[in-house]
Amino acid sequence: EKLDAFPDAHLAAIARAEAAQQDIVIEQTINQIELDVGNAQVELFSKKQQVELATENLKQAAEQMKLARDTYTLGRLTEFEIVSKNREQLFADLSHIAASVEYKKAESQLLAAEGILPHLYADMTSHNSLERQRIGMLDSAKAMLFFGRAPDDVKKAPEPAPAPKP
């Protein structure tokens with residue numbers, strides 16, 4: 001009955017409810033971003049350790065190959081054993097390359113989650129074309145609160161640290 005005295009009071013109540021709902025959505029978004037950044041940091045740390053392990057394995061394979069060559073020149077190793085050591089070194093090298101690629105991917109995911117790659121993050125996390133269209137429309141209307149296309153005057157993202165070398 002209080003609302004009957006003010007004909008537009010119900011509209012104000014609806015607006016307040018919608019604003020409260022938007023505040024909840026914004027809070028959920030912030031929490032999701034924090035979670036994404038935390039997960040990306042953990043993933044990057046894990047991939048860095050994998051690169052370090054692959055680097056160590058590559059060094060050991062190279063050492064074993066050198067020893068195998070030296071032993072071969074002394075006539076104490078067969079060609080088959082040399083080929084096997086060479087194959088082990090090749091697999092160690094391929095593992096190192098794969099670990100380095102995964103490290104760079106994790107690094108990119110962290111940069112995106114931190115908003116350093118703002119123009120890519122929204123599209124990367126959208127699940128379907130409808131979401132991508134909605135994000136594009138919000139971006140065009142400059143209604144993207146957290147992400148969107150990077151302004152022209154924003155400098156490029158800082159160069160990430162290189163992956164550890166063997």
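What counts, and where the lines are drawn
- Residues numbered from 1 in each chain as written.
- Predicted model: local features only at pLDDT ≥ 70, side-chain atom pairs only at ≥ 80, totals over all residues.
- Heavy atoms only, no water.
- Helix = DSSP H or I, 4+ residues; strand = E, 2+ residues; numbered from the N terminus.
- Buried < 20%, exposed > 50% of the residue type's maximum accessible area, 1.4 Å probe, protein only.
- Contact = heavy atoms within 4.5 Å.
- Areas by Shrake-Rupley, 256 points an atom, 1.4 Å probe, with all protein chains shown as cover.
- Expected span 1.5 Å × (residues − 1).
- Axes fitted to C-alpha atoms, helices over the stretch in contact; angles between N-to-C directions.
- Parallel < 35°, antiparallel > 145°, perpendicular 65-115°, else oblique.
- Left-handed = near helix turned anticlockwise from the far one by under 90°.
- Nonpolar A, V, L, I, M, F, W, Y, C, P; charged D, E, K, R; others polar.
- Core = buried A, V, L, I, M, F, W, Y, C linked by side-chain atoms within 4.5 Å.
- Salt bridge = Lys/Arg side-chain N within 4 Å of Asp/Glu carboxyl O.

Caption draft 1: Representation of the overall build of the protein chain in the model. Helix and strand counts for the protein chain come out as four helices and zero strands. Helices and strands appear in the protein chain in the N-to-C order α-α-α-α. Relative to its 166 residues, the protein chain shows a buried fraction of 22%. For the protein chain, the proportion of contacts with a sequence separation of at least 24, taken over those separated by at least 6, is 73%. Looking at the protein chain as shown, the accessible area adds up to about 12,400 Å², and 58% of this sits on carbon and sulfur atoms.

Caption draft 2: How the structure looks around helix H2 (residues 79-113). Taking 1.5 Å of rise per residue, 35 residues should cover 51 Å, and H2 covers 51 Å from first to last C-alpha, within 8% of that figure. Positive phi appears at glycine 115, one or two residues downstream of H2, with a value of about 85 degrees.

Caption draft 3: Looking closely at the packing of helix H1 (residues 9-73) against H2. Between H1 and H2, the shortest axis-to-axis distance is 7 Å and the interhelical angle comes to 160 degrees. The orientation of H1 relative to H2 falls into the category roughly antiparallel. Crossing of H1 over H2 shows left-handed handedness. Taken together, the residues that form the contact of H1 with H2 break down as 19 nonpolar, eleven polar and eleven charged.

Caption draft 4: Examining the side chain of threonine 55 more closely. The topology assignment puts threonine 55 in helix H1. With relative accessibility at 6%, the residue threonine 55 sits in the buried group.

Caption draft 5: Quick peek at the nonpolar core. Ile33, Val37, Ala40, Leu44, Val51, Ala54, Ala99, Tyr103, Ala106, Leu110 and Ala113 form the largest nonpolar core, which has eleven residues in total. Broken down by secondary-structure element, the contributors of at least two residues to this core are H1 and H2. With near-sequence residues (within four places) excluded, alanine 106 lies in contact with Glu43, Leu44 and Lys47.

Caption draft 6: The pattern of salt bridges, seen in detail. Counted under the stated rule, the structure contains six salt bridges. Linking glutamate 102 and lysine 47 is a salt bridge whose minimum nitrogen-to-oxygen distance equals 4.0 Å. Residue glutamate 102 is found in helix H2, and its partner lysine 47 is found in helix H1; the two are separated by 55 residues along the sequence. Note on glutamate 102: relative accessible area 29%, which makes it partly exposed. Salt-bridge contacts for lysine 66 lead to aspartate 70; the nearest nitrogen and oxygen are separated by 3.3 Å. Taken together, the residues span about one helical turn, with lysine 66 and aspartate 70 both in helix H1 at a distance of four residues. Because the salt bridges share partners, they merge into one network encompassing Glu43, Lys47, Glu102 and Lys105.

Caption draft 7: Region of interest: the side chain of lysine 47. Taking the relative accessible area as the measure of exposure, lysine 47 reaches 12% and is therefore buried. When near neighbours in sequence (up to four residues on either side) are disregarded, lysine 47 contacts Glu102, Tyr103 and Ala106.

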